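Notes for the structure review
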Amino acid sequence: QAVRWHIELQPWASPTPSLNYEALRFLKYISTSQISCEHTNLNSLKGYSEIAKKPWSICLDERFSLIHRIRSKQCRLYSLGLGNDDNQFELSMANSGCEVHRFDPSIKSAHIQEGRHLWYHRLSIDWRDPNPAIAAHKLHSNTKKLGTVLNEFGHQKIDVLKADVESAEWKILENLILEDVVEQIGQLVFEVHIHWPGFEVSGNDSTVVRYWYSLLRELELKDFRLFHTYKDLSKPQMFLKKEAFNASSCYTLSWVNTRWK
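The structure contained in this document is the topic of the report that follows. (Residues numbered from 1 in each chain as written. Predicted model: local features only at pLDDT ≥ 70, side-chain atom pairs only at ≥ 80, totals over all residues. Heavy atoms only, no water.)

Now for the state of the cysteines. For the coordinates displayed, the defined rule picks out two disulfides. A sulfur-sulfur separation of 2.1 Å characterises the disulfide bridge that pairs Cys-37 with Cys-59. On the sign convention where negative is left-handed, the bridge of Cys-37 and Cys-59, at about 110° about the S-S bond, is right-handed. Placement of Cys-37 in the loop between α1 (19-30) and α2 (65-71) and of Cys-59 in the loop between α1 and α2 is noted, with a sequence separation of 22 residues between them. Using a relative accessible area of 14% as the deciding quantity, one classes Cys-37 as buried. The disulfide partner of Cys-75 is Cys-98, and the S-S distance across this bridge is 1.7 Å. When the S-S torsion is -100°, as for the bridge of Cys-75 with Cys-98, the disulfide is left-handed. (Disulfide = S-S within 2.5 Å. Helix = DSSP H or I, 4+ residues; strand = E, 2+ residues; numbered from the N terminus. Buried < 20%, exposed > 50% of the residue type's maximum accessible area, 1.4 Å probe, protein only.)

If you want it as structure tokens, here you go:
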């Protein structure tokens, strides 16, 4: 299979490129559940009362594998962060018996184990453009692609991938799709930022929004279905540096891979 350097871009939302049409299509898309999920947080499991600061929603319905993997203590969470101290969700998952790996370049030691199920790694997941036509980047020793990390850790699958990476999420998502790593993931919970294009995302505003939309459509083609959207009203209401479209600058989106039963 030939290596892809670019995702397939969807047709424009209107006959001529228009930010208005692109934005409305994109915002409607991220606000519309594609599959219903009855149980979306750990509080629905016995013995959980702590409420996380943000709703990192996961699908715990019986028809998907995650709840069964949690019960059999076989689940694995990868969490990508950038110096964020809100680790309530990771602790909850570890307390429920999941193997939790948190990747954050600001951690003081290379690897720290906290408790039986929680590891911290001083690593950031590479989000740079894979196109070889772009000048070679200096690779930092603590930056790796997710596929490389999985191979090095001997992990075939991740039940949940959570990402809170302050605008690197678009390129990370693109990388997961282009390198077919996304198929090794059961559920995705990503905080997405739309107040600016994001790291290494270029083009004019309508081009940027078309790219975001196309990325999410690629997830859909890989059998991921959006089941939860959280619009963060505590963040500035900005869309590409404009107060427009009644949008928040930040949404948390949750998908389930429907191939994983």
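This part takes up the side chain of Ser-96. As for its placement among the helices and strands, Ser-96 is situated in the loop between α3 (88-95) and β2 (99-103). A polar contact of 2.7 Å, which involves the side chain of Ser-96, links it to the backbone oxygen of Met-93. (Polar contact = N/O pair within 3.5 Å; in protein donor to acceptor, adjacent residues only side chain to side chain.)

Applying the stated rule across the entire model yields nine aromatic pairs. Between Phe-26 and Trp-212, the ring centres sit 5.4 Å apart and the planes meet at 45°, which makes this aromatic pair tilted. Here Trp-212 lies in helix α6 (residues 205-221) and Phe-26 lies in helix α1, a separation of 186 residues in the sequence. One exposure class covers both Phe-26 and Trp-212, and it is buried. Judged by centre distance (6.0 Å) and plane angle (35°), the rings of Phe-103 and Phe-153 are tilted. One end of the pair, Phe-103, is in strand β2; the other, Phe-153, is in helix α4 (residues 146-153), and 50 residues separate them in sequence. Its relative accessible area of 25% is what places Phe-153 among the partly exposed residues. Over the aromatic face of Trp-260 sits the side chain of Lys-157, whose NZ or CZ is 4.7 Å from the ring centroid. (Phe/Tyr/Trp six-rings, centres within 6.5 Å; stacked < 30°, edge-to-face > 60°. Lys NZ or Arg CZ within 6 Å of the ring centre and 35° of its normal.)

Taken residue by residue, α4 has Leu-146, Gly-147, Val-149 and Leu-150 as its buried positions. Down the axis of α4, the buried set is contained in an arc of 160°. They therefore lie on one face. The first or second residue beyond α4 is Gly-154, which carries a positive phi of 70°. (Arc of directions from axis to C-beta.)

Neighbouring strands of a sheet are bound in pairs by backbone hydrogen bonds; such pairs are parallel or else antiparallel. The strand order across the open sheet built from eight strands is β3-β4-β2-β1-β7-β8-β10-β9, with neighbouring strands paired in mixed fashion. The two strands at the open ends of the sheet, each matched to only one other strand, are β3 (111-114) and β9 (224-231). Looking at each pair of strands side by side, their axes are set apart by 15° on average, direction ignored. Pairing geometry for strand β1 (residues 76-81) and strand β7 (residues 158-164), over five bridges, is parallel. The residue bridging Ser-79 from the neighbouring strand is Lys-162, located in β7. (Pairing = 2+ DSSP bridges. Axes fitted to C-alpha atoms, helices over the stretch in contact; angles between N-to-C directions.)

Counting residues in each nonpolar core, the largest one holds 50 residues, and the members touching the most others are Phe-26, Trp-170, Leu-188, Phe-190, Trp-212, Leu-216 and Phe-239. Broken down by element, this core gets its largest block of residues, eight residues, from α6. The residues contacting Phe-26, other than those within four sequence positions of it, are Trp-170, Ile-194, Val-209, Trp-212, Tyr-213, Leu-216 and Phe-239. Counting residues in each nonpolar core, the second largest holds 19 residues, with Leu-42, Ile-70, Ile-107 and Val-160 among its members. (Core = buried A, V, L, I, M, F, W, Y, C linked by side-chain atoms within 4.5 Å. Contact = heavy atoms within 4.5 Å.)

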